[in-house]
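Architecture and fold: a report
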Amino acid sequence: MKWFSFPGRDASPESGFRAAPSFILIFILLAAGIITISYVFFQSYQRNFRVEAERQLEAVTELKINELLRWRIEREGDGNVFYNNSAFVGLVRRLYDQPEDVETQAQLQNWMSKISRYGQYDRAWLMDTQSVTRLSVPGGQQPPAAPTMRMVSEVLQSGRPVFQDFYRNEKDQRVYLAVMVPIIDESNASRPLGVLVLQIDPTAYLYPFIQRWPVSGAKTAETLLVRREENEVVYLNELRFQADTALNLRFPITRTDLPAVKVALGQEGVVEGTDYRGIPVLAAIKAVPDSPWFMVTRQDKAEVFSPIRQRLYQMVAAIGLMLFSAAACVGLVWRKQRVGFYREKMLTMKALIKSDAVFRSYFELPLHGLAVTSVEKGWLKVNDHLCSILGYTREEIVRMTWAEMTYPRDLDADVEQFNRLLAGQIEKYEMEKRFVRKDGAVVWTAIAAGCVREADGAADHFICSIDDITARKAGEEKLAETIAELRASNRDLEQFAYIASHDMQEPLRMVAGYVQLLERRYKDKLDQDANDFIGFAVDGALRMRQLIDSLLEYSQVQTRQRSFEPVDLDQVLPGVLRDLEGSVLETSAQITADPLPHVYGDALQLGLVLQNLISNALKFHGEKSPEVHIAAEELSKYWKITVRDNGIGIEPQYQERIFKIFQRLHSHAEYPGTGIGLTVCKRIVERHGGETGVESEYGKGSSFWFTLPKKGEK
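Residues numbered from 1 in each chain as written. Predicted model: local features only at pLDDT ≥ 70, side-chain atom pairs only at ≥ 80, totals over all residues. Heavy atoms only, no water.

Regarding its fold elements, the chain presents 20 helices and 23 strands. Burial status across the chain gives 40% buried among its 714 residues. (Helix = DSSP H or I, 4+ residues; strand = E, 2+ residues; numbered from the N terminus. Buried < 20%, exposed > 50% of the residue type's maximum accessible area, 1.4 Å probe, protein only.)

See below:
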């Protein structure tokens, strides 16, 4: 059986297998995360791909419309070459007047041939106002189509060039467009002479241009040109997947699934619908400005979104691979965890054995009294050192309770701390308490107790360290008695100094009074030696009285204390300067001061400190008039007050000595005084929680400083 063990460190073999649901849950979370991220990524890819596809269709539509408008403007420009052209009009008029003029015919044919060759026109006619063909290029008797013939009168009436929309020639059944230019004789009251018809074959340029797709690789992409005729939509160009559709393929306006119908009804943008083959398409639709035409750029949805399907297949494969990898990783980790579990269990057992041996060795060392107690406050294990402290054997201690051995007056405090430790409010507690030994003696101990808890946080047992401090407590009591005796002695000395200095004033006053009376009555009746003796006696009596007054002032620093209160040093300083007004005038001194702080203390005593320091600055001056400055410096926790002068200064070896009582550096003949003033300052400042000091350079002046805690701080 183990001598001692730590609870909660053992684990059953089944605990490793109980981790399996955790790994399954981890795999499920990983799988859910992979699928969710993949879904979000696919949705984003699909959305971005569709936007790009729509942008491409719209770009192609804009490109086709812009090129179509440019082509139409060029054709209208060709018509403007002849419109109001005086040279051409003159040739036409000459032809009408002289029909057999071969040279005129040749010049007109040259004009018409050049425009046909460079303007993509397959035929040109010059017709008079009666719709009779006067000249054609190339030659031959083929007349214009019926739709063109019907527009001659309309063009003549408008007096402007007209672009004739798509029409079918009833003779060759081909589709054409035409530019019709009225010939106006401006020299003869704008008389119309006829119409120049420039016929356009759309198969030469227009249809190939419309059908040409700018992006390679598109198998189903196509561009359509349509127009609305009453309740039908007519396709104007030949289509990629159906032949002979120009002006033949028509759909009713009710077929709103067709992109061609949608645009004819006023809709624009990118739409989905069904094309003329009945296949779903994605189309960009838009009206061609300044024309009855509509442009439809469409592509089969299956082709548009085929990259999305490919990406979907790739993602499904990647997700499957990631799920397989995640399952493999989780399985490997679980297997490794099981192997690690048994390895850790073995290492833990070895560590427990070693720890148990180390703890047992430490437990038995005669360094501290050690004990293990139960939740029920019973002793479980104790070492020999604790037995020697309490005077019981191990068997006797185990049969007793903690409370039975505790000194009665210390039991409540001990139980209170123990209950807080048991409730988990604190991790440990330390205290000094008394036990009652077996022989009845009381022993003082310092105890430290900590709680060892189960995995669920419940207290299992307590480990306690108990040291005998009886000798130390006896020493502390002896020290406390000594301190109390010293304090009483100091109070008696202070009281004696106060009483002595106070009671000595009356007889000294009497001696001084009679000596001064003797000096006044017999000063001129005695010889010089007697006068000197009387002077010495008077001076000694006055100095003794001054010394007693200073001693009384020193003793009153402690005996006549007043409670601390907020003090404004700026309000204290003017009163001090009024008391020193005579000395200031006598020495012609200049006194300046910075703004002083608010502090917490005794206003009368702080005023006495300032008065003594300023008085010394006025007293100990050289040949120059005294210059005194009072400054304040704010430190982190203190105010530093400095009284700086330009006096005689203090040599370094004397700077600590001057704060001791009755310590003087000069004779009474040089500088009067008792040597108590700085000692009084030091004692007052220390009572306020501060320090005093001096910084001086001999012959140049001194800076006496003291510190005071900031207002309200101790």
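Attention shifts here to the pattern of salt bridges. Tallying each qualifying case throughout the model produces 38 salt bridges. Glu76 is paired through a salt bridge with Arg72; the nearest N and O atoms lie 3.5 Å apart. You can see Glu76 and its partner Arg72 sitting in helix H2 (residues 20–82), 4 residues apart, about one turn around the helix. Residue classification places Arg72 among the buried residues on the basis of a relative accessible area of 15%. (Salt bridge = Lys/Arg side-chain N within 4 Å of Asp/Glu carboxyl O.)

A separate point is the sheet that holds strand S16 (residues 459–468). Strand order in the open sheet made by the 5 strands is S13-S12-S16-S15-S14, with antiparallel pairing throughout. Looking at which strands have only one partner, the edges of the open sheet turn out to be strand S13 (379–382) and strand S14 (428–436). Across the sheet, the axes of successive neighbouring strands diverge by a mean angle of 30°, strand direction being ignored. When S14 meets strand S15 (residues 442–453), the two strands line up antiparallel, connected through 9 bridges. (Pairing = 2+ DSSP bridges. Axes fitted to C-alpha atoms, helices over the stretch in contact; angles between N-to-C directions.)

In this section: the packing of helix H19 (residues 603–619) against helix H20 (residues 677–687). Viewed as axis vectors pointing N to C, H19 and H20 meet at an angle of 145°, and their least axial separation amounts to 9 Å. In the crossing of H19 with H20, the sense of the turn from one axis to the other is left-handed. Where H19 approaches H20, its residues Gln605, Leu606, Leu608, Val609, Asn612, Leu613 and Asn616 are matched on the opposing element by Gly677, Leu678, Val680, Cys681, Ile684, Val685 and Arg687. Among the residues forming the contact of H19 with H20, the class breakdown is 9 nonpolar, 4 polar and 1 charged. (Left-handed = near helix turned anticlockwise from the far one by under 90°. Contact = heavy atoms within 4.5 Å. Nonpolar A, V, L, I, M, F, W, Y, C, P; charged D, E, K, R; others polar.)

It is worth spelling out the sheet that holds strand S18 (residues 590–593) at this point. Reading across from one edge, S18-S20-S21-S23-S22 is the order of the 5 strands in this open sheet, with mixed pairing throughout. Edge positions in the open sheet fall to S18 and strand S22 (692–697), since each of these has one partner strand only. For this sheet, the mean inter-axis angle between neighbouring strands, taken without regard to orientation, is 15°. In terms of strand pairing, S18 meets strand S20 (residues 627–634) through 4 bridges, oriented parallel. When the sheet's bridge partners are listed, Gln590 is paired in S20 with Glu627.

So, about the packing of aromatic side chains. How two aromatic rings sit relative to each other is given by the distance of their centres and the angle of their planes. Taken as a whole and assessed by the stated rule, the structure comprises 15 aromatic pairs. Where Tyr235 meets Phe251, the ring centres are 5.8 Å apart and the plane angle is 70°; that geometry is what we call edge-to-face. Separated by 16 residues along the polypeptide, Tyr235 in strand S7 (residues 232–235) and Phe251 in strand S8 (residues 250–252) bring together distant segments of the chain. Take Phe251: its relative accessible area is 12%, and that puts it in the buried class. Measuring from ring centre to ring centre gives 6.2 Å for Tyr235 and Tyr276, while their planes differ by 75°; the resulting arrangement is edge-to-face. Of the two residues, Tyr235 is situated in strand S7 and Tyr276 in the loop between strand S9 (269–274) and strand S10 (280–287); the sequence distance between them amounts to 41 residues. Using a relative accessible area of 2% as the deciding quantity, one classes Tyr235 as buried. (Phe/Tyr/Trp six-rings, centres within 6.5 Å; stacked < 30°, edge-to-face > 60°.)

Predicted confidence across the chain gives a mean pLDDT of 81, with 82% of residues reaching 70 or more. Note on residues 1–14: pLDDT is under 50 here. Beyond four places in sequence and across chains, it has 27 contacts. Note on residues 662–673: pLDDT is under 50 here. Beyond four places in sequence and across chains, it has 29 contacts. (pLDDT = per-residue confidence, 0-100.)

This part is about the pairing of strand S2 (residues 133–137). Relative to S2, strand S1 (residues 121–128) runs antiparallel, the two being bridged by 4 bridges. By the bridge assignment for S2, Trp125 is matched with Ser136. Linking S1 to S2, which pair antiparallel, is a turn of 4 residues; within it Ser131 sits at a positive phi near 65°.

Take Arg75: it is sitting in helix H2. Looking at Arg75, the relative accessible area reads 5%, which means it is buried. Side chain to side chain, Arg75 and Tyr121 meet in a polar contact 3.2 Å long. (Polar contact = N/O pair within 3.5 Å; in protein donor to acceptor, adjacent residues only side chain to side chain.)

Here we take up a nonpolar patch on the surface. A contiguous nonpolar patch, built from Ile24, Leu25, Ile28 and Leu29 and spanning about 410 Å² of accessible area, is present on the exposed surface. Position of Ile28 among the secondary structure elements: in helix H2. (Patch = residues over 30% accessible without salt bridge, like charges linked within 9 Å, V, L, I, M, F, W, Y side chains within 5 Å. Areas by Shrake-Rupley, 256 points an atom, 1.4 Å probe, with all protein chains shown as cover.)

In an α-helix there are 3.6 residues to a turn, and that puts residues three or four apart on one side. Over its 17 residues, helix H4 (residues 102–118) runs 24 Å from end to end, which matches the ideal 24 Å to within 8%, given 1.5 Å per residue. Taken together, the buried positions of H4 are Thr104, Leu108, Met112, Ile115 and Ser116. The buried side chains of H4 occupy one side of the element, clustering within an arc of 105° when seen end-on. Those residues of H4 that are exposed and aimed more than 90 degrees away from the buried face are Val102, Glu103, Arg117 and Tyr118. Where H4 begins, the side chain of Asp101 points an oxygen toward the backbone nitrogen of Glu103, at a separation of 3.2 Å. Backbone geometry just downstream of H4 places Gln120 in the positive-phi region, at approximately 65°. (Expected span 1.5 Å × (residues − 1). Arc of directions from axis to C-beta.)

This brings us to the environment of Ile641. Among the structural elements, Ile641 can be located in strand S21 (residues 638–644). Through-space distance from the C-alpha of Ile641 to that of Trp705 is 5.5 Å; in sequence the pair is 64 residues apart. Residues within four places of Ile641 in sequence aside, it is in contact with Leu569, Pro597, Leu610, Ile630, Ala631, Ala632, Phe704, Trp705 and Phe706.

The geometry of helix H17 (residues 569–579) relative to H19 is characterised by a closest axis approach of 9 Å and an angle of 50° between their N-to-C directions. Between H17 and H19, the crossing angle belongs to the class labelled oblique. Here H17 runs over H19; the crossing is right-handed. When H17 is examined against H19, the residues Leu569, Val572, Leu573, Val576, Leu577 and Asp579 are found in contact with a partner set consisting of Ala603, Leu606, Gly607, Leu610, Gln611 and Ile614. Its residues placed into classes, the contact of H17 with H19 shows 9 nonpolar, 2 polar and 1 charged. (Parallel < 35°, antiparallel > 145°, perpendicular 65-115°, else oblique.)

In terms of burial, S1 is a largely internal element, 7 of the 8 residues being buried. Bridge count between S1 and strand S5 (residues 191–200): 7 bridges; the pairing is antiparallel. If you follow Arg123 over to S5, its bridge partner there is Gln199.

A separate point is the nonpolar core. Membership of the largest hydrophobic core comes to 42 residues, with the highest contact counts inside it found for Leu68, Phe166, Leu225 and Trp293. Here this core takes 6 residues from helix H3 (residues 86–97), the largest share from any one element. Sequence-distant contacts of Leu68, defined by excluding residues within four places in its chain, comprise Leu206, Phe209, Leu225, Val288, Trp293 and Met295. Formed by 32 residues, the second largest nonpolar core is a distinct cluster that contains Val576, Ala589, Val685 and Phe704. (Core = buried A, V, L, I, M, F, W, Y, C linked by side-chain atoms within 4.5 Å.)

What follows covers H20. Burial of H20 is extensive: 8 of the 11 residues sit out of reach of the surface. Of the residues making up H20, those classed as buried are Leu678, Thr679, Val680, Cys681, Arg683, Ile684, Val685 and Arg687.

What follows concerns unusual backbone geometry. Omega for the peptide link from Val137 to Pro138 comes to -5°, which places this bond in the cis form. With respect to the helices and strands, Pro138 occurs in the loop between S2 and helix H5 (146–158). Of note, the phi angle at Ser131 is positive, near 65°, even though the residue is not glycine. With respect to the element layout, Ser131 can be found in the loop between S1 and S2. Despite not being glycine, Ser588 has its phi angle at roughly 55°, a positive value. When you line up the elements, Ser588 lands in the loop between helix H18 (581–587) and S18. Looking at Ser588, the relative accessible area reads 46%, which means it is partly exposed.

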